[in-house]
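Chain by chain, the residues:
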Amino acid sequence: MAHATRHDVSDRAAKQDDPYRSRISLLPEIVPRVDPVLYGGRHSAGPLTSEQLASYSHDGFIQLHGLLDAAEIKALQAEHVRLRTNRSTIDQDTLILEPGSAELRSVFQIHVQSDLIGRLASDARLVAITRQILGDDVYIHQARLNYKPGLFGKEFYWHSDFETWHVEDGMPRMRALSMSILLTENTPYNGPLLIMPGSHHHYVRCVGETPDDHYKQSLRKQEYGVPDADSLSQLYVAGGIATLTGAAGSIVVFDCNAMHGSNSNIAPLPRSNVFLVYNSIKNRLTDPFGGKKPRPEFIANRRKATALAPRSVSLFGDR
Ligand code: 6CS
Ligand code: FE
């Protein structure tokens, strides 16, 4: 079926009809989310309890412990070290450095470049949770290893991932989620993920025109698609800030539109997490709603947007 792209209608009209338009007006705005958080459907009877689903719907995130066993966590930590010490084996286009230094910040398409993390991404335990929340088959939109090195790891300022994925990648609706798998202990002092509970129910329209090839800058330090101070303060007053500390192996599942960020890491120990972004196959990318050219495949998966077949419930093959 031919998908009408937005070039078939006047671009201006398309932009005004877009409920999640952003980076158009000179004034920021907070508007209500128009999509559900939990999509129910045929996968509604999944591994999460009704209390966990209610908590996710209310706050925009849940933290899961004990899903991976000690051997799996150890294998993921060894893989993290292998990737870090064998940088030459990684596609250099997918390596993102810290702003102002040669310290490694992120490795994208990590589920393609690491067999073990590829198995993690299609693990039946994770896919079942994602299907239950998104109510559909899913695929990986983006996967990255965020290093946040000790002493030198820089912050990720407050943002909604969906605002970027909508404007710069053409993700139509809020039917995606991220899973952050902690590879090192996330403590109060090494830059853990911070989320504003309840912020996912609101959409912050940002100001400012997206520069060409914005990702070359934004993945190091994001300056466009950054919410304004007043909107951030309103979301904070409404829901506060949750600090997602936890042991290696715990998993934070959070909505694509949750307002989140993390502080710099000046502690002498790294904060490394794998981020897996799952998108519903009904929410595949179209043309970027911001009108710029699509971002590269290693950031936004377009060519392999087919339903993930859940693999065994072990990172070590069928068990
Ligand atoms: O632009 C992106 O897709 C990336 N930027 C941030 C700050 N979080 C999501 C994603 O990694
Ligand atoms: Fe993010």
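Peer 1: Quick one: what's the story with the overall build of the chain, residue by residue and with numbers?
Peer 2: If you tally the helices and strands in the chain, you get nine helices and 13 strands. Principal-axis analysis of the C-alpha atoms gives the chain an extent of 55 × 45 × 40 Å. Here the chain, with 319 residues, has 55% of them falling under the buried criterion. Excluding contacts between residues fewer than 6 apart, the proportion of contacts in the chain whose partners are at least 24 apart in sequence is 86%. For the chain, the accessible area works out to roughly 13,700 Å², and carbon and sulfur atoms hold 55% of it. Computed over 35 positive and 35 negative side-chain charges, the inter-centroid distance for the chain is 3 Å.

Peer 1: Tell me about the coordination of the iron ion (ligand 2), residues and numbers included.
Peer 2: The protein atoms that coordinate the iron ion (ligand 2) are His159 (NE2), Asp161 (OD) and His260 (NE2), at distances of 2.1 to 2.3 Å. Site description for the iron ion (ligand 2): donor spacing in sequence, H-x1-D-x98-H. In this pair, His159 is assigned in strand E6 (residues 156–160) and His260 in strand E12 (residues 259–262), connecting sequence segments 101 residues apart. Here the two residues His159 and His260 agree in accessibility, since each one is buried.

Peer 1: Describe in detail the environment of Ile96, supporting the description with residues and values.
Peer 2: In this structure, Ile96 sits in strand E3 (residues 95–97). Linking Ile96 and Lys216, residues 120 residues apart in sequence, is a C-alpha distance of 8.6 Å. If we ignore the near neighbours within four places in the chain, the residues touching Ile96 are Leu104, Arg105, Ser106, Phe108, Leu219 and Arg220.

Calculation criteria
Residues numbered from 1 in each chain as written. Chains lettered and ligands numbered in written order. Predicted model: local features only at pLDDT ≥ 70, side-chain atom pairs only at ≥ 80, totals over all residues. Heavy atoms only, no water. Helix = DSSP H or I, 4+ residues; strand = E, 2+ residues; numbered from the N terminus. Buried < 20%, exposed > 50% of the residue type's maximum accessible area, 1.4 Å probe, protein only. Contact = heavy atoms within 4.5 Å. Areas by Shrake-Rupley, 256 points an atom, 1.4 Å probe, with all protein chains shown as cover. Lys, Arg positive; Asp, Glu negative; His and termini not counted. Charge placed at Lys NZ, Arg CZ, Asp CG, Glu CD. Donors = N, O, S within 2.8 Å, 3.2 Å for Na, K, Ca; no water.

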